[in-house]
Amino acid sequence: DGDVVVLMAAPAATKIGYGPTWLGVGGPTGSLAADGAEITNGVTSGKDLLHWGGTWLNHELGHSLGLPDLYELGGSGGFTRPFSIMDLISGAAPGYFAYSRWLVGWLDDAQIVCLPKTQGGTPAQVTLAPLELAGGLKAAMVPVSGSRAVVIESRRALGLDKALTQEGAVVYTVDAAVKTGAGPIHVAHNRKALLPGESVTVDGVTVKVLSGGAAGDTVAVTAP
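In what follows, the accompanying structure is described.

Bringing the overall build of the protein into the picture now. Along its length, the protein carries three helices and 14 strands. Computed over C-alpha atoms, the radius of gyration of the protein comes to 19 Å, within 12% of the 17 Å expected from 2.2 N^0.38 for 224 residues, which places it in the range of a compact globule. Viewed in the frame of its principal axes, the protein has a C-alpha envelope of about 60 × 35 × 35 Å. The long-range share in the protein, meaning contacts at least 24 apart out of those at least 6 apart in sequence, stands at 55%. Only carbon and sulfur atoms are counted for the fraction: they give 56% of the accessible area of the protein, which is about 11000 Å². Each charge class in the protein was averaged separately, 14 positive and 19 negative side chains, and the resulting centres sit 8 Å apart.

Okay, here's the thing in structure tokens:
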């Protein structure tokens, strides 16, 4: 038994153009059949490998785990670039967002802090460890509706994100009611990480970076 099937074809195979992820599609029962088994979760490679290289698999397996496309379906842009491999695979910081890692179980609940609405506008101060390193608090989330939240995390030029040109805090919105390819996640500030002294307000939530460095970022979050 397995959770997902990956079919690796020769990139020059003429019958396989681009290899998508399939989730419960095809066949009369909503799956693909092989040797008497029903396969409902899989990835098929094709010319993708010639263009994206091996990181194509990281993107497609993200779909197999339930993550949406963060680029604009039917368009040429994205909603989070240069962050997240679920947007532009070749982006400067293609590491998965903290929200995505938490969603698929790679981050423990203890590594996420949920901030309620503050009383009287008093800021909550949170120190976030770099997402690219193991351990520590990885994200602060502020729910703003039944499906929507503001999320803050710390990104550094390490690992998959080694090409990141501006390190700092990243603030984005998540809306579970928005479909894949339509912007379920939006980075809230000019597609660059925030530096100490900088701030952004989105959905009534204000995030100001108090300090930052190799150990991460300390932010003040106001959600009156």
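Now, onward.
This paragraph deals with the packing of aromatic side chains. According to the stated counting rule, one finds three aromatic pairs in the structure shown. A ring pair is formed by Y96 and W106, whose centres lie 5.4 Å apart and whose planes are at 70°; its orientation type is edge-to-face. Residue Y96 is located in the loop between α2 (55-64) and α3 (98-103), and its partner W106 is located in the loop between α3 and β6 (112-114); the two are separated by ten residues in the primary sequence. Given a relative accessible area of 10%, Y96 falls into the buried group. Each ring, one from Y99 and one from W102, has its centre 5.9 Å from the other, and the planes form 50°; the classification is tilted.

What follows is about the sheet that holds strand β8 (residues 139-143). Pairing within the open sheet is mixed, and its five strands lie in the order β6-β8-β9-β10-β11. Taken across any chain shown, the strands that pair with only one partner, and hence form the sheet edges, are β6 and β11 (185-187). Here the average twist between neighbouring strands, direction ignored, is 25°. The pairing of β6 with β8 spans three bridges and is classified as parallel.

Cut-offs used in this document
- Residues numbered from 1 in each chain as written.
- Predicted model: local features only at pLDDT ≥ 70, side-chain atom pairs only at ≥ 80, totals over all residues.
- Heavy atoms only, no water.
- Helix = DSSP H or I, 4+ residues; strand = E, 2+ residues; numbered from the N terminus.
- Rg over C-alpha atoms; globule rule 2.2 N^0.38 Å.
- Contact = heavy atoms within 4.5 Å.
- Areas by Shrake-Rupley, 256 points an atom, 1.4 Å probe, with all protein chains shown as cover.
- Lys, Arg positive; Asp, Glu negative; His and termini not counted.
- Charge placed at Lys NZ, Arg CZ, Asp CG, Glu CD.
- Phe/Tyr/Trp six-rings, centres within 6.5 Å; stacked < 30°, edge-to-face > 60°.
- Buried < 20%, exposed > 50% of the residue type's maximum accessible area, 1.4 Å probe, protein only.
- Pairing = 2+ DSSP bridges.
- Axes fitted to C-alpha atoms, helices over the stretch in contact; angles between N-to-C directions.

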